[in-house]
Amino acid sequence: METDALITSLLVAAGLGGAIGLQRQVVKPESSEGARTFALFGIWGAATGYLGATVGPLAFAASTLGMVLVVIATYAANAVDGERGVTGEVATVATFLVGVFAFDERFVVAAALAVGIAALLESKKRMRQITQKLSDADVANAIQFAVVTAVILPLAPNADIGPLEALNPHEIWLMVVFVSAIGFAGYISLRISGSRGIGVTGLLGGLVSSTAVTLGFSRMSKTVPAARPALIAGVLGASALMFIRVFVEAQVIAPALGRVLIFPLAVLTLLVGAAAVRWFLQPTQPNSDASEIELSNPLTLMTALQFGALYGLIKLVSKWLLEQTGEASLLIVGAASGVADVDAITLSVANLVDEGLDPTAGARVVLLAASVNTLVKTGMVVSLAAPAMRRVVLGVMGTASLVGLVFVGLYG
């Protein structure tokens, strides 16, 4: 290796190690390991790489062993002082590896690793806050779901079986995991945000179930009059997010379907979303508690099985109608499915498009389901909410439903 290249590698290793050590020094000033120490660890890694390249594997192993012994000695000294954590020691080894990558002139990898290490070290307080927001049941459900998925996915046959060969067990569970992951992201965000604001809660709740948000907030509008602007914003925001969720699901499974849906769903999102923003910015919006909204963890095994069964049933019925009566009959399934759920019909249609269904025909079914679902939520508000909330939501979401139906007709 040229001298200039070696010096550059050592400087990069020192700089990246120093950046990691700076975080440790700021967050834990009482520690003896700061920017200078970690810069030396980075240099040690780069020098070890140099020894391995010029002297041989034994020199590399000896230098690495020296690093390991230093880490062990540091841990033992800290343990004597009553500190049992190993985060600092692991960070030391990781910084050593940053130096090795730097010597190999893999500067992008070294920089990415250093940034990741610093970010993980910095996230300790935030991660503690997040874990305190989650219940034992949340963690248990997530682990149970992950374990079941790890077992089911490898064993589920990736082949079309059943009547009309419409059911693919591997595909069905992948759809379950996909939708559950979206819902879980919203659920975790909702638990973290707590009661920072009803509007934000409604928006995040839209990732889990915009129908549940609508139902809960409609009831609250009669008991918490001062919160009505925020409740309206929450209902509209959750519904706008539903259109975005539908597009993401379609785009991921069948990009051809996503391309057809992008314009009508963008129009619907802007229509409902603009109204949500308008009410969200109302100065009278309080920082009220939204605890009345009932959202369950979407990673429960029962929820997953129910969605999988619904998805499989819709896929089977859709394929049967497609073979027996043609594409137009799928609209019946779309309208019926949209009463309770849009995810299952969206994913079912997306997979049919991926198998050869005309994307425009598929888009009509998805848009009809979304329009019906929006209409159902509008009905909930009209029947359950306070008059002031009814007028606003009926105007906005009623219009959105009609616009969606217009697009269904235009694509016919």
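In this text the structure is predicted, and so the values were computed from the model without any measurement.

What about the overall build of the protein?
Reasoning step 1: A tally of helices and strands in the protein yields 17 helices and zero strands.
Reasoning step 2: Across the 412 residues in the protein, those meeting the buried criterion constitute 47%.
Reasoning step 3: Taking the intrachain contacts of the protein between residues at least 6 apart in sequence as the baseline, contacts between residues at least 24 apart amount to 74%.
Reasoning step 4: Accessible surface for the protein amounts to roughly 19,400 Å². Of this, 68% is attributable to carbon and sulfur atoms.

Focus on the environment of Pro 157
Reasoning step 1: The topology assignment puts Pro 157 in the loop between helix H7 (136-155) and helix H8 (169-193).
Reasoning step 2: Expressed as a C-alpha distance, the spacing of Pro 157 and Asn 168, which sit 11 residues apart in the sequence, is 7.2 Å.
Reasoning step 3: Ignoring anything within four residues of it in the chain, the contact list for Pro 157 reads Asn 168, Pro 169 and His 170.

Remarks on the nonpolar core
Reasoning step 1: Counting 58 residues, the largest nonpolar core has Leu 236, Leu 257, Leu 261, Val 349 and Met 389 as the members making the most contacts within it.
Reasoning step 2: Counting residues per element, the ones that place at least two in this core are helix H10 (210-223), helix H11 (228-253), helix H12 (255-280), helix H14 (330-338), helix H15 (343-354), helix H16 (359-384) and helix H17 (387-410).
Reasoning step 3: Per element, the largest residue contribution to this core is 12 residues, and it comes from H11.
Reasoning step 4: With sequence-adjacent residues up to four places away left out, Leu 261 is seen in contact with Ala 250, Ala 363, Val 366 and Leu 367.

Quick notes on a nonpolar patch on the surface
Reasoning step 1: A cluster of nonpolar side chains, namely Val 139, Ile 143, Val 147, Val 151 and Leu 155, defines an oily patch on the protein surface of about 470 Å² accessible area.
Reasoning step 2: Among the secondary structure elements, Val 139 is positioned in helix H7.

Quick word on H12
Reasoning step 1: In this model H12 runs just 33 Å from its N-terminal to its C-terminal C-alpha over 26 residues, more than 12% under the 38 Å that 1.5 Å per residue would give.
Reasoning step 2: Where H12 bends most, at Leu 261, the angle is about 45°, and the proline Pro 264 comes one to four residues later.

Details of the confidence of the model for the protein
Reasoning step 1: For the protein, the average pLDDT comes to 80, and 80% of its residues sit at 70 or higher.
Reasoning step 2: The secondary structure element of the protein with the lowest average pLDDT is H8, at 67, and the one with the highest is H12, at 93.

Digging into the packing of aromatic side chains
Reasoning step 1: Per the stated rule, a full pass over the model turns up four aromatic pairs.
Reasoning step 2: A centroid spacing of 5.9 Å and a plane angle of 85° characterise the contact between Phe 263 and Phe 407, whose relative ring orientation is edge-to-face. Of the two residues, Phe 263 sits in helix H12 while Phe 407 sits in helix H17, which places them 144 residues apart along the sequence.
Reasoning step 3: For Phe 263, a relative accessible area of 52% corresponds to the exposed category.
Reasoning step 4: Three or more aromatic residues link up through ring pairs in this structure, and these residues are Phe 263, Phe 407 and Tyr 411.
Reasoning step 5: Sitting above the plane of the Trp 279 ring, Arg 278 keeps its charged end 4.4 Å from the centroid.

A word on helix H5 (residues 107-122)
Turn by turn, an α-helix covers 3.6 residues, leaving residues three or four places apart pointing in a common direction.
Reasoning step 1: Counted at 1.5 Å a residue, the expected span for H5 with its 16 residues is 22 Å, and the 22 Å between its end C-alpha atoms agrees.
Reasoning step 2: Within H5 the residues assigned to the buried category are Ala 110, Ala 114, Ile 117 and Leu 121. The buried residues of H5 occupy an angular sector of 65° when projected down its axis, which confines them to one face. Across H5 from its buried face, at more than 90 degrees, point the exposed residues Val 108, Val 115 and Leu 120.

A closer look at the side chain of Thr 92
Reasoning step 1: Its location among the elements puts Thr 92 in helix H4 (residues 87-103).
Reasoning step 2: Assessed through its relative accessible area of 4%, Thr 92 is described here as buried.
Reasoning step 3: When residues no more than four places from it in sequence are discounted, the contact partners of Thr 92 are Glu 33, Phe 38, Phe 41, Met 67 and Val 71.

Overview of the packing of H15 against H16
Reasoning step 1: Between H15 and H16, whose axes approach to 9 Å, the crossing angle comes to 180°. Relative to H16, the element H15 is oriented roughly antiparallel. Facing H15, whose interface residues are Ile 345, Thr 346, Val 349 and Val 353, H16 presents Pro 359, Gly 362, Val 365, Val 366 and Ala 369.
Reasoning step 2: Here the contact of H15 with H16 is built from residues that sort into seven nonpolar, two polar and no charged.

Focus: the side chain of Thr 48
Reasoning step 1: Mapped onto the elements, Thr 48 comes out in helix H2 (residues 35-54).
Reasoning step 2: Engagement of the side chain of Thr 48 in a polar contact is seen with the backbone oxygen of Trp 44, the distance being 2.7 Å.
Reasoning step 3: Once you skip the residues sitting within four places of it in the chain, Thr 48 turns out to touch Phe 60, Ser 63, Thr 64 and Phe 96.

A closer look at the packing of H16 against H17
Reasoning step 1: One can describe the packing of H16 onto H17 by two numbers: an axis separation of 9 Å at closest approach and a directional angle of 165°. Accordingly, the angle class assigned to the pair H16 and H17 is roughly antiparallel. Crossing of H16 against H17: the hand is left-handed. Contacts between H16 and H17 pair Arg 364, Leu 367, Leu 368, Ser 371, Thr 374, Leu 375, Lys 377, Thr 378, Val 381 and Val 382 from the former with Met 389, Arg 390, Val 393, Leu 394, Met 397, Gly 398, Ala 400, Ser 401, Gly 404, Leu 405, Phe 407 and Val 408 from the latter.
Reasoning step 2: Residues of the contact of H16 with H17, tallied by class, amount to 13 nonpolar, six polar and three charged.

Rules used throughout
Residues numbered from 1 in each chain as written. Predicted model: local features only at pLDDT ≥ 70, side-chain atom pairs only at ≥ 80, totals over all residues. Heavy atoms only, no water. Helix = DSSP H or I, 4+ residues; strand = E, 2+ residues; numbered from the N terminus. Buried < 20%, exposed > 50% of the residue type's maximum accessible area, 1.4 Å probe, protein only. Contact = heavy atoms within 4.5 Å. Areas by Shrake-Rupley, 256 points an atom, 1.4 Å probe, with all protein chains shown as cover. Core = buried A, V, L, I, M, F, W, Y, C linked by side-chain atoms within 4.5 Å. Patch = residues over 30% accessible without salt bridge, like charges linked within 9 Å, V, L, I, M, F, W, Y side chains within 5 Å. Salt bridge = Lys/Arg side-chain N within 4 Å of Asp/Glu carboxyl O. Expected span 1.5 Å × (residues − 1). Bend = angle between axes of the 7 residues up to and from the residue. pLDDT = per-residue confidence, 0-100. Phe/Tyr/Trp six-rings, centres within 6.5 Å; stacked < 30°, edge-to-face > 60°. Lys NZ or Arg CZ within 6 Å of the ring centre and 35° of its normal. Arc of directions from axis to C-beta. Axes fitted to C-alpha atoms, helices over the stretch in contact; angles between N-to-C directions. Parallel < 35°, antiparallel > 145°, perpendicular 65-115°, else oblique. Nonpolar A, V, L, I, M, F, W, Y, C, P; charged D, E, K, R; others polar. Polar contact = N/O pair within 3.5 Å; in protein donor to acceptor, adjacent residues only side chain to side chain. Left-handed = near helix turned anticlockwise from the far one by under 90°.

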